[in-house]
There are 4 protein chains.
Amino acid sequence: MKLWDKGFELNKDIEFFTVGDDYILDRRLVKHDCAASLAHARALRKARLLTAKELAEITAGLRKITDLDARGKFVIKREDEDCHTAIENFLTAGYGEAGKKVHTGRSRNDQVLTALRLYEREALNELKARLADFAGAASALARAQGRIGLPGYTHMRRAMPTTVAAWAGCFAAAARDDARFADFLLSLTDQSPLGSAAGFGVPVLNIDRGYSARLMGFSKAIENPIYAQFTRSKFEPAIMHLCSQVMLTLNKLASDLVMFSMPEFGFVELPEAFCTGSSIMPQKKNPDVLELVRGKYHAVLGEEFKALSLAGNLISGYNRDAQLAKGPLFACLDTALASLNIMATVTGGLRFNRERCVLAPELFATEEAYRLVRQGVPFRDAYRQVAAKFRGGAEPGGAG
Amino acid sequence: MKLWDKGFELNKDIEFFTVGDDYILDRRLVKHDCAASLAHARALRKARLLTAKELAEITAGLRKITDLDARGKFVIKREDEDCHTAIENFLTAGYGEAGKKVHTGRSRNDQVLTALRLYEREALNELKARLADFAGAASALARAQGRIGLPGYTHMRRAMPTTVAAWAGCFAAAARDDARFADFLLSLTDQSPLGSAAGFGVPVLNIDRGYSARLMGFSKAIENPIYAQFTRSKFEPAIMHLCSQVMLTLNKLASDLVMFSMPEFGFVELPEAFCTGSSIMPQKKNPDVLELVRGKYHAVLGEEFKALSLAGNLISGYNRDAQLAKGPLFACLDTALASLNIMATVTGGLRFNRERCVLAPELFATEEAYRLVRQGVPFRDAYRQVAAKFRGGAEPGGAG
Amino acid sequence: MKLWDKGFELNKDIEFFTVGDDYILDRRLVKHDCAASLAHARALRKARLLTAKELAEITAGLRKITDLDARGKFVIKREDEDCHTAIENFLTAGYGEAGKKVHTGRSRNDQVLTALRLYEREALNELKARLADFAGAASALARAQGRIGLPGYTHMRRAMPTTVAAWAGCFAAAARDDARFADFLLSLTDQSPLGSAAGFGVPVLNIDRGYSARLMGFSKAIENPIYAQFTRSKFEPAIMHLCSQVMLTLNKLASDLVMFSMPEFGFVELPEAFCTGSSIMPQKKNPDVLELVRGKYHAVLGEEFKALSLAGNLISGYNRDAQLAKGPLFACLDTALASLNIMATVTGGLRFNRERCVLAPELFATEEAYRLVRQGVPFRDAYRQVAAKFRGGAEPGGAG
Amino acid sequence: MKLWDKGFELNKDIEFFTVGDDYILDRRLVKHDCAASLAHARALRKARLLTAKELAEITAGLRKITDLDARGKFVIKREDEDCHTAIENFLTAGYGEAGKKVHTGRSRNDQVLTALRLYEREALNELKARLADFAGAASALARAQGRIGLPGYTHMRRAMPTTVAAWAGCFAAAARDDARFADFLLSLTDQSPLGSAAGFGVPVLNIDRGYSARLMGFSKAIENPIYAQFTRSKFEPAIMHLCSQVMLTLNKLASDLVMFSMPEFGFVELPEAFCTGSSIMPQKKNPDVLELVRGKYHAVLGEEFKALSLAGNLISGYNRDAQLAKGPLFACLDTALASLNIMATVTGGLRFNRERCVLAPELFATEEAYRLVRQGVPFRDAYRQVAAKFRGGAEPGGAG
């Protein structure tokens, strides 16, 4: 039975189309919805809208669902539409009156939002942990092999000398700034939407929104209920943008590694166990994992774009379109987490090859100009002197 | 056993990450890969690279797989990576030598491409059929209720009078032009990539690519093997762009209907069986199906963008990133097909309400100006005369 | 004076904001609007809505504007808002009554659309010409230096041998298919929107839309006026998508060239006159032109997505948002045309270096396997034999 | 003379193409580059790389440029390529030796980055000020007209009653959270890139990067020079994402207002001075300004995605592609600032119409259910009772 069942039959094709894959996506929200429902039930009890017995029953029911879910046994059927309905139906089936009361003073709109926000908090914290792991792997590489020299490139041309330490340190620094972004988003989203109901608050009943907010670990409840709904279109893309940022960090690393590990360069070797082969060319060792991380950056971008594009040109208040951002949100976070994980592994397996990391003479041209500067030659003149020398050679860098 | 197995072990995390959900996505390619493999085997026979017996065995094996697949019984395991491996392994297990020969003169690269192209042809033809159905539903509506007048809007302000016939006809016309686009893409993609192998053709062996192309119903084989690989990044986004075009047609229709069916307008009614309700507000009848079609336009856009963005800044020749466009391609076509289907149903259920479709006087202002024009007043003067009259009124359009 | 002036004052900030840079963008539309206005005037004459004298005056006036414009002397002032107003004001100032009549039976909506479509036709034809030039440059390169061998890459790893002819031929083939796309768009957009007026046709007056369509060289007028308006949101993104396709062709070429011309590869040399330098590193010769062409692909993508994203979630009929696609359309076409031009120049200047294009032994591994196949070894067994041999070596391809 | 001039001639077409419109875009960076150059010169003096006299000359020269620029008289010629060259050339022309020394210990790469970062800081602070103004206008509206009741919508269907106070408060709250985002970005970008040079630091010379950082008001210098370069691809899209967020706030407001001001609703009136007209329909008063703000959201999205898409798949170190994000960055900030400004004006001019803001009975259905809840009826039962009552009516909400 749907939450909004009023006795008329929904066209089956329409039902199938509107439910989509929500009943599958929602699996990961079950535990969060239980946590939020428990906080809500306690606030209902505080407002005398539940008896102590009813609260105890709901508490027991939610615990039972959480346990089932932890063992992968709580099933959301397609007819349930989503986890929220499945949970309410479970409670009503088990506890009758109490189950029918749990939805008092909330709407599915703020219920979804609250569960999502709890999920997002967990995911952002996990993202921070993975960013720290990845930064740790990059720093460990810098410590272990950092003194090996590396040609630095601009415009994909040899520019100046650098080191493995500087190169690996770049990604550690990027990951640390990405983690600061995650911290900001944790603070931005630290506002409970519960009690905003359908986006216009709860009349008649007098429920303490600050109380349920605190129970769930939020600093405050969002005061304006219309804004509470709007945050769905604002906070979710912001989180996806962070995922884009994280994936950009990894895309850069993967792009470097694909090139630096080409036999033509040979700066670094990927362990054989990280490479795949070709169905036709017997000699191939391909860096698929790097190419996929590189490509998944764009997949995450596309998801961010979906969420932003679909939020446009719609009036205030919940519109069903918003639900289509749920899958993209999950996809972005899943991809960022899995990619950080795999790239920490990859980083841990890299072996730089000192013999191949040749620092060609032209990398030192700027240094040469600076030596002239130290002798008092104005920089622009020093630059031209050194340039003339390099131009003398048949093909700059041709020694390559 | 993987096609490229050479005896070393792949790191399990890396393997899991690189396989991704390909083994699931590939289910829909099984029948197409069988068709392509059959054509390829016949070309191998023609080149004397298979015996008549081997060809017969491969033919039987492929038929068996096709049958299993039609009954949902052909399984692609995660360890198989993809359908191509599962099929080759099936043939090798059943027919030994013959199975080991089927991959002669092709690479997984051109094999995937060929299967995708057969899938795309089927999907584009289905798209044309659905576009025709949808255009038919719109035309039927125009015939049945077309004479009902309807306010025409520009800038979301009442502009000039129109009719249900003109309004519905707009979507039929759009769908017909979308179908012309599908025709073009069918002709553009009517080039067999089979035999381009890894993107550099097949040396030593002498296989007739035109023959296998004709067997699969292509007009020709793509001559340049490097371009054959490149078409993956070009034709797929083009097909996704068509899906964006189709979804834009439906987004416009859905946007109109969400507004025209608001009780405040009441121009048209959606059958109750097409509407969903609210978990909190007992009175609600919501047009979720329309909102989802509207929103899915942006989801398709996002997929198109993924495919285009990930193809950039990569050198020629296959890069694994390309595989990440497979899911988006399927998602775009699935969404376009399902949405056309559901909107044909919705269009068939619409009931325009003649009483509510009031043509307010200001809609006729242009007509009034034109009557003055017929009397010889220059248009710009007629315009200003009529404008002055309307400005006299307290609130233009306020009669609403 | 604005076309819609009714005597009240527009807030200056609002006016400034709404005009935006339209009055600048519109410069390129002047000649097209004159051509369309002339066809419209002739249709008005045919409908007896202009006298012969008035038509002669309008014809003279439009010719005068076209001449001024060709010499860069026709000015569109910010207060004019756009070229359409500037043109009508010019006619009214010079010819009074006749000028006031030219807007009879059309709206700025269909007027803009018509001028855009004439511009688009011209631009698409120019695109075809540039694609042909570029394909010609690629073919010339294939003829002149085509026999030089080149390593073919997959996964950015040496795969199989190829040649400059195959490599250059890929881009010629891509450009030819892009030109077929342009042909399709020329045929799709070969429909005159003139007479659809504000999107609801022209009542009272009896103007022959087919006549004006033919005068402008269109095969037909768009029958459905609501669809005519909608084509703006459909045809323009389709044209921009073609620009994305063209830029993808060039992005691939530029990506190849940036890498192939690295001193570490040295397959090809860019003339010194095509390279820029660094402000700090005296030795640098940078391929900026290639990097910019590569980057501009993404700029064009972004424009395509603007146009698609902004068209969503809006009801039928003109909405001002549509005008924001004008700049993106121009930007896409300008970029594609300029980039084709410059890359034809670049392609003409390439010098492949036979000495550096070494075909390393592992490129022939597949050939070796095929030789075993010719001797009767099943391909999969041949593959494994050759693979074992290459795995024996310390590092496949390590010979670098 | 270009900074990298080494005596060979650049192909004119290539030069024209590579300079693009940088020399125009850079106008806004002149003052920031002067500020950064002054800090750099002082750090050079501290390192004894400039004499006191040279520092004084450079200081005077930079002051002169800043003054000229403030009066719009500092010209960047196309041949200059960019503002950095124009400034160095001005100094060299005026002060010879001193001018030739100012580029010591920096590259154009970190110079551009530093100027951009100063510009970004100024722009983010201005954004905060405009967000505050806009939030102030929304709050003022809430105070002045807040008690007027307003129908609240979900799924574009009447849902529950709300007020102008709640509605306007939503946008004030959104703007305040957008400002928190700006604060975060100010803190994220509070790192000086100066001295990272071409991305590999400055050898030989011993320049105090922390000193120049403090002189420019940064908390610190970015330690890792490779990361410093990478921040360009990370911080700029982050700022553009904030612009997307701001524009989404305004897109929502504009979408509401376009609908609420339709004569069919009449909830609110836009002053006549804010509306534009039609060239054909004499009665029209169009809300172009709202439609443009709505549409510009998508334009900003497109710019954000350009910047993100073009940063992908490129190796570490400066690539010229990055420069193509400069125009998009400026476009995003310009659009956000102008749109906030205009929407503060629009918000200040709104007049809600109490008579038209009718609260239809079905808006109170939830309230009715809650009254039953207070009497002890479980919510789900109360919901069904009220739903049955509303379903009895011919058409829910049909009273509209």
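Residues numbered from 1 in each chain as written. Chains lettered and ligands numbered in written order. Predicted model: local features only at pLDDT ≥ 70, side-chain atom pairs only at ≥ 80, totals over all residues. Heavy atoms only, no water.

**Some remarks on the interface of chain A and chain C**
Consideration 1: Opposite the 53 residues of chain A that make contact, chain C presents 54 residues.
Consideration 2: Between chain A and chain C the total buried area reaches about 4700 Å² when both faces are included, carbon and sulfur atoms providing 54% of it.
Consideration 3: Together, Arg157(A), Pro282(A) and Gln283(A) form the three largest contributors to the area buried by chain A at its contact with chain C, with a combined 16%.
Consideration 4: Our enumeration of links across chain A and chain C arrives at two salt bridges.
Consideration 5: Taking the shortest distance from any N to any O, the salt bridge between Arg158(C) and Glu264(A) comes out at 3.0 Å.
Consideration 6: If you look at where chain A meets chain C, you find 25 residue pairs in polar contact (both at pLDDT 80 or more).
Consideration 7: Here the side of chain A that touches chain C takes seven residues from helix α14 (residues 379–392) of chain A, the largest share from any one element.
Consideration 8: Residues belonging to the side of chain A that touches chain C are distributed by class as follows: 25 nonpolar, 14 polar and 14 charged. (Contact = heavy atoms within 4.5 Å. Buried area = accessible area lost by both parts, 1.4 Å probe. Salt bridge = Lys/Arg side-chain N within 4 Å of Asp/Glu carboxyl O. Polar contact = N/O pair within 3.5 Å; in protein donor to acceptor, adjacent residues only side chain to side chain. Helix = DSSP H or I, 4+ residues; strand = E, 2+ residues; numbered from the N terminus. Nonpolar A, V, L, I, M, F, W, Y, C, P; charged D, E, K, R; others polar.)

**Some remarks on the packing of helix α7 (residues 108–145) of chain D against helix α8 (residues 164–188) of chain D**
Between two packed helices, the angle of one axis relative to the other and the distance separating the axes together describe the packing.
Residue and element names in this part refer to chain D.
Consideration 1: Where α7 meets α8, the closest approach of the two axes is 8 Å, and the angle between their N-to-C directions is 165°. Classed by the angle they form, the pair α7 and α8 counts as roughly antiparallel. At the point where α7 passes α8, the crossing takes the left-handed sense.
Consideration 2: When grouped by side-chain class, the residues that make up the contact of α7 with α8 number 18 nonpolar, three polar and five charged. (Axes fitted to C-alpha atoms, helices over the stretch in contact; angles between N-to-C directions. Parallel < 35°, antiparallel > 145°, perpendicular 65-115°, else oblique. Left-handed = near helix turned anticlockwise from the far one by under 90°.)

**Considering the domain arrangement of chain A**
Note on interface size: it is often stated as the accessible area lost on association of the parts.
Consideration 1: Assigned domains within chain A: domain 1 (12–101), domain 2 (108–204 + 223–352) and domain 3 (360–400).
Consideration 2: A C-alpha centroid distance of 71 Å is found between domain 1 of chain A and domain 3 of chain A. (Domains from an automatic or database assignment.)

**Structural notes on the packing of aromatic side chains**
Consideration 1: Scanning the model with the defined rule gives 63 aromatic pairs over all chains in all.
Consideration 2: Taken together, a centroid distance of 5.5 Å and an interplanar angle of 65° make the contact between Trp167(A) and Phe352(A) edge-to-face. Separated by 185 residues along the polypeptide, Trp167(A) in helix α8 (residues 164–188) and Phe352(A) in strand β4 (residues 351–352) bring together distant segments of the chain.
Consideration 3: The class of Phe352(A) is buried, set by a relative accessible area of 9%.
Consideration 4: Above the ring of Tyr211(D), the side-chain terminus of Lys46(D) is found at 5.0 Å from the ring centroid. (Phe/Tyr/Trp six-rings, centres within 6.5 Å; stacked < 30°, edge-to-face > 60°. Buried < 20%, exposed > 50% of the residue type's maximum accessible area, 1.4 Å probe, protein only. Lys NZ or Arg CZ within 6 Å of the ring centre and 35° of its normal.)

**Some points on the interface of chain D and chain A**
Consideration 1: Listed by partner, the interface residues are 99 residues for chain D and 99 residues for chain A.
Consideration 2: Buried area between chain D and chain A, both sides added, is near 8800 Å², and the carbon and sulfur share of it is 63%.
Consideration 3: The tally of links from chain D across to chain A stands at six salt bridges.
Consideration 4: Its salt-bridge partner being Asp178(A), residue Lys234(D) comes within 2.9 Å of it at the nearest N-O pair.
Consideration 5: If you look at where chain D meets chain A, you find 42 residue pairs in polar contact (both at pLDDT 80 or more).
Consideration 6: Put simply, the parts of the chain that give the side of chain D that touches chain A at least two residues each are α6 (97–101), β1 (149–154), β2 (157–163), α8, α10 (225–260), α11 (288–310), α13 (365–374) and α14 (379–392) of chain D.
Consideration 7: The dominant element in the side of chain D that touches chain A, judged by the number of residues it contributes, is α10(D), at 17 residues.
Consideration 8: Split by residue class, the side of chain D that touches chain A holds 47 nonpolar, 28 polar and 24 charged.

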